[in-house]
Amino acid sequence: MSDHDYRPKSKVGQWFNDRLPLLTLANHLTDYPTPKNLNYWWTFGGILTFCLITQIVTGLTLAMHYIAHADMAFESVEHIMRDVNYGWLIRYIHANGASMFFLAVYIHIFRSLFYGSYKAPREIIWIIGIIIYLLMMAAAFMGYVLPWGQMSFWGATVITNLFSAIPLVGEGIVTWLWGGYSVDNPTLTRFFTLHYLIPFLILGLVVLHIWALHVPGNNNPVGIDIKKPSKDTVPFHPYIVIKDGFALLMFMIVFAFFVFYAPNILGHADNYIEANPMVTPAHIVPEWYLLPFYAILRSVPDKLLGVVAMLSAILILAVLPWLDTSKIRSAVFRPLYKQFYWILVADVLILGYVGAMPAEGLYLLIARVATAYYFLHFLVILPVLGFKEKTLPVPLSITEPVLGGLPNLAAARNKESKIE
Amino acid sequence: MSEKKTKRRDFLFTATTALGAVGAAAVVWPMIDQMNPDASVKALASTEVDVSSLTPGNTLTVLWRGKPVFIRRRTQEEIDEARKVKMEDLIHPEKDEDRAKNPEWLVMLGVCTHLGCVPLNDKGDYNGWFCPCHGSHYDTSGRIRKGPAPWNMEVPKYEFVDANTIKIG
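Just so it is clear, the model here is predicted, and its values are computed rather than measured.

What follows is about the pairing of strand β10 (residues 165-168) of chain B. Residue and element names in this part refer to chain B. Looking at chain direction, strand β1 (residues 47-50) and β10 are connected through four bridges and run antiparallel. Note on β10: the bridge partner recorded for Val49 is Ile166. Pairing of strand β9 (residues 158-162) with β10, which is carried by four bridges, proceeds in the antiparallel orientation. Bridging across to β10, Glu159 finds its partner in Lys167. Count of turn residues in the β9/β10 antiparallel hairpin: two residues.

What follows is the structure in structure tokens.
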């Protein structure tokens, strides 16, 4: 890349940069050539960075007032809500921030699925992304335990009990996770520690995620490899910075709506009741962003196989670059994949819906069909589609279809020759 | 001569790596084991319960090791129902005679063996317990009959200290 030749203008800058090339890095980030056709679905990377920083800042301030002890945690959260200056605001931002974080990450993931961003040479970016997503789920789950309400306690009980499905060592692992014979104070204190640690692990992985991204550069809606820098690219600053900034402002409006007008709508009323190991709430439901996987867990009548199915549903994403056999990245040029893509979106939304409903009767039947389809999509449809599908002609550059006015290569070429 | 030298190097390399691995394991184990139940948790291993107020057909729920324990004083119908069940109809075959030595008293952990919720009393298709979380049905002996739970509710170690007192653990 040309930015390796970068040399600061000032003497001081040169002196510093020769010793620690931070200015070279800054220059790389501002000049970074970006495809000029990136649409708003590409702004969620920046939005996610904002979400992570928001969670870390609000989390640090909450930790100054929270007490990680089974006898005091619930009260200390109420203390934050009622007594601490702006405590209610910071907590509502943190709690709804988790939901906003997942909203953004789901859009980010489904953007990758639509435009084939996970395909070669971007597999490592994708896999790091999946690890980040797993860590996000772990952090969200443990964070939800900290207020020590009824949903906290029973959610922790149900999720940690998933490990008891492991043959032979399962019970031992659960006791080890709990630090006792049930979810109790030792569980709470270790969850607090890990909840504090994970965001910084995610931060480190985000750096790797972006580093890996900057090697091949961004994918784009057309899904073709482009020359960098060229007439197909624009510098990251100011073009993408402004676009990301605008999208972030729109996102923050949605965020603020939840924080100020519906701060509890995504939570459960049961979590305002202090944890009670003697009484299970009538209906235990995880947070909305985990519902599709919860539906998969419940759709399998066997305990061990249910857990295996749920984990596989997530881990199958890590091998997606090898399951999708199509050479064409963007769904724009894959007429069949595009339809299956939207069926998958609907399937996941249906799973989310039935995950929130009682696991019986028609709901259970729907959950089973949707679970089967989810795996069918990744294990059968995607591998076969790569061989069977008739794809549309892909343009040679981003500029070509824009100048030609048609996404079709032959038509674009004809036009171009006419202009000449 | 050079061959001999290589062998010596190989030995040193293997020995150093092996010793390093043992050393690392010795340091890692305390870090892992500190998460297991500590001495103060283990010290609360038994509890004594006064059951004199319990009349037939009622259940007392007490906390033992942070988990609810159901103490059920069963009616004659419940005992008969539990004892006449055929072994082949059970998901996790256990005789009621083995679960409740004294047939009138059923003592078991009130924890669903699926994912650890507390089942509800006098509910479900088998007149025993029903877990509201994922729909497991237990009979009057606390045995799993229907639903995702793999095992019967666990009977802990317990004994009658005297006619009215049960010691759990």
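Let's shift gears to the layout of surface pockets. The gaps left among the atoms become clear once a water-sized probe is rolled over them. All names here are of chain A. Taken as a whole, the largest pocket holds about 1400 Å³ of empty space. Val206, His209, Ile210, Leu213 and His214 are, among the 50 residues lining the largest pocket, the residues nearest its centre. With nine residues, the single largest contributor to the lining of the largest pocket is helix α9 (residues 185-214). Residues of the lining of the largest pocket, tallied by class, amount to 31 nonpolar, 15 polar and four charged.

Residue and element names in this part refer to chain B. Inspection of every chain in the model, using the stated rule, returns 15 salt bridges over all chains. The salt bridge partner of Arg72 is Asp122, with a shortest N-O separation of 3.1 Å. With Arg72 in strand β3 (residues 67-73) and Asp122 in the loop between β5 (120-121) and β6 (129-131), this residue pair connects regions lying 50 residues apart in the sequence. Residue classification places Arg72 among the buried residues on the basis of a relative accessible area of 4%. Assessed through its relative accessible area of 47%, Asp122 is described here as partly exposed. Note that Glu94 is salt-bridged to Arg99, the shortest N-O span being 2.8 Å. The exposure class assigned to Glu94 is partly exposed, which follows from its relative accessible area of 28%.

The next point concerns the interface of chain A and chain B. Contact residues are listed per partner, giving 26 residues for chain A and 27 residues for chain B. When the two sides are added together, the surface that chain A and chain B hide from each other amounts to roughly 2300 Å², 65% of it contributed by carbon and sulfur. Ranking the residues of chain A by area buried against chain B places Trp176, Tyr181 and Met278 of chain A at the top, with a combined share of 33%. On inspection of chain A and its partner chain B, the count reaches zero salt bridges.

Before going further, it helps to spend a moment on helix α1 (residues 11-19) of chain A. Residue and element names in this part refer to chain A. Among the residues of α1, Gly13, Gln14 and Asn17 are the ones counted as buried. Along the long axis of α1, the arc covered by the buried residues comes to 100°, so they all point the same way. Pointing more than 90 degrees away from the buried face of α1 are the exposed residues Lys11, Val12, Trp15 and Arg19. Where α1 is buried, its residues meet α2 (22-31).

Let's shift gears to the packing of aromatic side chains. All names here are of chain A. This model, assessed by the stated rule, comprises 32 aromatic pairs over all chains. Plain terms: the ring middles of Phe50 and Phe255 are 6.5 Å apart, the flat faces sit at 80° to each other, and that makes the pair edge-to-face. Separated by 205 residues along the polypeptide, Phe50 in helix α3 (residues 44-63) and Phe255 in helix α10 (residues 236-261) bring together distant segments of the chain. Taken together, a centroid distance of 6.2 Å and an interplanar angle of 40° make the contact between Phe102 and Tyr106 tilted. Residue Phe102 and its partner Tyr106 are both found in helix α5 (residues 87-115); the two are separated by four residues, about one turn of the helix. Both residues of the pair, Phe102 and Tyr106, count as buried. A connected cluster of aromatic rings, assembled from ring pairs, spans Trp42, Phe110, Phe114, Tyr115, Tyr337, Tyr341 and Trp342. Across from the ring centre of Trp42, 4.6 Å away, lies the NZ or CZ of Arg111, which sits over that ring.

Turning our eyes to something else, we now look at the confidence of the model for chain A. On average, residues of chain A score 93 in pLDDT, and 94% of them reach the 70 mark or higher. For the stretch residues 415-420 of chain A, pLDDT sits under 50, and the model shows two contacts to residues farther than four places along the chain or on other chains.

The next point concerns the nonpolar core. As a rule of thumb, soluble globular proteins bury nonpolar side chains together. The biggest cluster of nonpolar side chains holds 122 residues, and the ones touching the most others in it are Phe102, Leu113, Tyr133, Trp148, Phe293, Tyr374 and Phe378 of chain A. Broken down by element, the residue count for this core peaks at 14 residues, all from helix α6 (residues 123-145) of chain A. Every residue in contact with Phe378 of chain A, bar those within four places of it in the chain, is listed here: Ile316, Leu317, Leu320, Leu323, Leu344 and Pro383 of chain A. Among the nonpolar cores identified, the runner-up in size contains 14 residues, and Val49, Leu54, Ile71 and Ile168 of chain B belong to it.

On to the sheet that holds strand β2 (residues 58-64) of chain B. Residues and elements named next belong to chain B. Taking strand neighbours across the sheet as the criterion, the three strands line up as β2-β3-β4 in an open arrangement whose pairing is antiparallel. If you trace the sheet from one side to the other, it starts and ends with β2 and β4 (105-109), each paired once. Sheet twist, expressed as the mean angle between neighbouring strand axes with direction ignored, is 20°. Pairing analysis gives seven bridges linking β2 to β3, with the strands arranged antiparallel. In the strand pairing of β3, Trp64 is matched with Lys67.

Quick look at the side chain of His94 of chain A now. Residue and element names in this part refer to chain A. Counting through the fold element by element, His94 comes out in helix α5. Residue His94 is classed as buried on the basis of its relative accessible area of 16%. Side-chain polar atoms of His94 contact the backbone nitrogen of Gly59, separated by 3.4 Å. Those residues within four positions of His94 in sequence are excluded, and the remaining contacts are Gln55, Thr58, Gly59, Leu62 and His195.

Bringing a negative patch on the surface into the picture now. Judged by side-chain charge, Asp71, Glu75, Asp184 and Glu274 of chain A come together as a negatively charged surface patch. On the secondary structure map, Glu75 of chain A appears in helix α4 (residues 73-82).

Analysis parameters
Residue numbers restart at each chain and count upward from 1, following the sequence in its written direction. Just so you know, chain letters begin at A and ligand numbers begin at 1, following the order they were written in. In keeping with the model being predicted, local features are shown solely for residues with a pLDDT of at least 70 and side-chain atom pairs are shown and tallied solely at 80 or more, while totals for entire chains, interfaces and linings include all residues. Note that water and hydrogens are dropped before the side-chain values are worked out from all heavy atoms of the structure. The pairing criterion is simple: DSSP has to find at least two bridges between the two strands. Numbering of helices and strands runs from the N terminus, with a helix taken as a DSSP run of H or I at least four residues long and a strand as a DSSP run of E at least two residues long. The method works on a 1 Å grid over the protein atoms by themselves. A cavity is a set of points holding a 1.4 Å probe that cannot get out, a pocket is an open set with protein on both sides within 12 Å along at least five of seven lines, and residues with an atom within 4 Å of a point line them. Grid points are joined across faces, edges and corners, and a volume is the space filled by probe spheres set on the points. Amino acid classes used here: Ala, Val, Leu, Ile, Met, Phe, Trp, Tyr, Cys and Pro are nonpolar; Asp, Glu, Lys and Arg are charged; the rest, including Gly, are polar. Here, a salt bridge means any Lys or Arg side-chain nitrogen found within 4 Å of an Asp or Glu carboxyl oxygen. For the exposure calls, accessible area comes from a 1.4 Å probe over protein chains only, and a residue counts as buried if that area is under 20% of its type's maximum, exposed if over 50%, partly exposed in between. Any two residues having at least one pair of non-hydrogen atoms within 4.5 Å are treated as being in contact. What gets called buried area is simply the loss in accessible area from a 1.4 Å probe that two parts show on being joined, summed for both. Think of the arc as the fan of directions from the helix axis to the C-beta atoms. In this analysis, rings of Phe, Tyr and Trp, with Trp reduced to its six-membered ring, are considered paired at centre separations within 6.5 Å, and the interplanar angle assigns stacked below 30 degrees, edge-to-face beyond 60, and tilted for intermediate values. Should the NZ of a Lys or the CZ of an Arg lie within 6 Å of a ring centre and within 35 degrees of the ring normal, that charge is described as sitting over the ring. What pLDDT conveys is the predictor's confidence in a given residue, as a value from 0 to 100. Put simply, buried Ala, Val, Leu, Ile, Met, Phe, Trp, Tyr and Cys residues joined by side-chain atoms within 4.5 Å make one nonpolar core. Axis geometry follows a simple rule: fit a line to the C-alpha atoms, using only the stretch in contact for helices, then measure angles between N-to-C directions, giving values from 0 to 180 degrees. In the analysis that follows, any N or O atom pair within 3.5 Å is treated as a polar contact, provided that within protein one partner can donate a hydrogen and the other can accept it, and provided that, for residues neighboring in sequence, both atoms belong to side chains. Patch construction takes residues with relative accessible area above 30% that form no salt bridge. Like charges are linked within 9 Å, and nonpolar side chains (Val, Leu, Ile, Met, Phe, Trp, Tyr) are linked within 5 Å. Per-residue and other accessible areas follow the Shrake-Rupley method at a 1.4 Å probe size, with only the shown protein chains counted as cover for residues. Working convention for charge: Lys and Arg count positive, Asp and Glu count negative, and His plus the chain ends are omitted. To locate a charge, take atom NZ for lysine, CZ for arginine, CG for aspartate or CD for glutamate.

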